[in-house]
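Here is what each chain is made of, one letter per residue.
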Amino acid sequence: MSATTPPRVRYGKQVTESINQTRVRYVILFGCAIATPFLFPPTWPLVLLAVASYALRMFGVEAIYHRYFSHRAFKCSRPVQFVLAVIASQCGQHGPLWWASVHRVHHQNVEQPDDPISPRQHGLMQSHVGWVWCERYKDTDLDVVPDFARFPEILWVNKHYTLLMLSGAFFIWLLATAGAFGPTVTGGAALMWGFFLPTALGVQTVSLVNSIGHFGHLPGGYRRFDTDDDSVNRPLLALLTMGGGWHNNHHRYGASARAGFAWYEIDLTYYILKLLAALGIIRDLRDQLPEDVREEGGLAPAAAKVSDLR
Ligand SMILES: [Zn+2]
Ligand SMILES: [Zn+2]
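Residues numbered from 1 in each chain as written. Chains lettered and ligands numbered in written order. Predicted model: local features only at pLDDT ≥ 70, side-chain atom pairs only at ≥ 80, totals over all residues. Heavy atoms only, no water.

A look at unusual backbone geometry
Here is step 1 of the chain: Its identity is not glycine, yet Arg72 carries a phi of approximately 50 degrees, on the positive side.
Here is step 2 of the chain: Relative to the helices and strands, Arg72 is located in the loop between helix H2 (44-70) and helix H3 (78-88).
Here is step 3 of the chain: Its relative accessible area of 38% is what places Arg72 among the partly exposed residues. (Helix = DSSP H or I, 4+ residues; strand = E, 2+ residues; numbered from the N terminus. Buried < 20%, exposed > 50% of the residue type's maximum accessible area, 1.4 Å probe, protein only.)

Considerations on the layout of surface pockets
Here is step 1 of the chain: Each pocket or cavity is described by its volume, and for the largest pocket that value is around 250 Å³.
Here is step 2 of the chain: What lines the largest pocket is a set of 18 residues, and nearest its centre among them are Gln93, Trp131, Val132, Ser207 and Asn210.
Here is step 3 of the chain: Looking at side-chain class alone, the lining of the largest pocket contains 12 nonpolar, 6 polar and no charged residues. (1 Å grid on protein atoms, 1.4 Å probe; cavity = no way out; pocket = protein on both sides within 12 Å on 5 of 7 lines; lining within 4 Å. Points joined across faces, edges and corners; volume = space filled by probe spheres on them. Nonpolar A, V, L, I, M, F, W, Y, C, P; charged D, E, K, R; others polar.)

A few points about helix H8 (residues 152-159)
Here is step 1 of the chain: All of the buried residues in H8 are Glu153, Ile154, Val157 and Asn158. Each buried residue of H8 sits inside an arc of 145 degrees when the element is viewed along its axis, so together they form one side. (Arc of directions from axis to C-beta.)

Regarding the coordination of the zinc ion (ligand 1)
Here is step 1 of the chain: Taken together, His106 (NE2), His214 (NE2), His247 (NE2) and His251 (NE2) make up the full set of protein donors to the zinc ion (ligand 1), lying 2.0 to 2.1 Å away.
Here is step 2 of the chain: The sequence pattern describing where the donors of the zinc ion (ligand 1) fall on their chain is H-x107-H-x32-H-x3-H. On the criterion of sequence distance, the pair formed by His214 in the loop between helix H10 (187-211) and helix H11 (235-240) and His251 in helix H12 (residues 247-252) is long-range, its members being 37 residues apart. (Donors = N, O, S within 2.8 Å, 3.2 Å for Na, K, Ca; no water.)

Quick word on empty space enclosed by the protein
Here is step 1 of the chain: Applying the stated rule across the entire model yields 1 cavity of 30 Å³ or more.
Here is step 2 of the chain: Taken as a whole, the largest cavity spans an internal volume of roughly 110 Å³.
Here is step 3 of the chain: Forming the boundary of the largest cavity are Met58, Val61, Glu62, His66, Trp99, His103, Val206, Val209, Asn210, Thr241, Gly244 and His247.
Here is step 4 of the chain: Elements with a minimum of two residues in the lining of the largest cavity: H2, helix H4 (96-108) and H10.
Here is step 5 of the chain: Looking at the lining of the largest cavity element by element, the count peaks at 4 residues for H2.
Here is step 6 of the chain: The residue makeup of the lining of the largest cavity, split by class, is 5 nonpolar, 6 polar and 1 charged.

The structure is reproduced here in structure tokens:
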């Protein structure tokens, strides 16, 4: 290190909860989600509430935890960054720094023994949910995310995500009791359909990206790029995860704010990010694919190739 190079700050690990607290939280979440339709049979207002709540939580994971905190695919002001972190903490998948640190480790060690979510290394079940229950990954390794660990307010969100998530659940209950979802939706029904069910479903669909998004033996997907990993593009999963299912595209060029590279690869997260950028809420959306990536994926426009020949 030269005399002018500042020493690298080390942040260490942030402890958020014990592994048993995590396990109990997931058991309660999935138990309540399974019980939801039996306790409160579906009605249109409840189904619409569940869909809206699911979409918000999935946007939180895919746009904020994944494309922003993990891959820095766009920029925003510090207040907006804080608001985005609070919104995403509703997803029920720990805090932003925990999520981003584990995900960066996944990319850095993809399909190697230190990849926490590789079906090739650990099997489908371990890559789907097993690793979340492991002592090894319960704390946040802040040195994997030093670019965001320097913000005290983001550290606070990361530590208190459960409190923030439960506050969101209380807010849904409050809205329902005030009649915001119509006269037929009680506070209890809104809590089950607007919190437990969509949160549990979101956890499962994101886990599917980790498992079958890296498992080519299952039909229903394709590989646009011949990457060194086992990542697969899955159209149905991409719809459910608002773009996260274009996982082979993502492993080829993860810095992009868009995961659907072709026009027909529907990427709801990217469309919303484009809107937020147009409104000036976020900026510097990294959505231009390098030419070599386009050509490798068969995406270069034919007209450009013809003109190249002239
Ligand atoms: Zn992956
Ligand atoms: Zn990623």
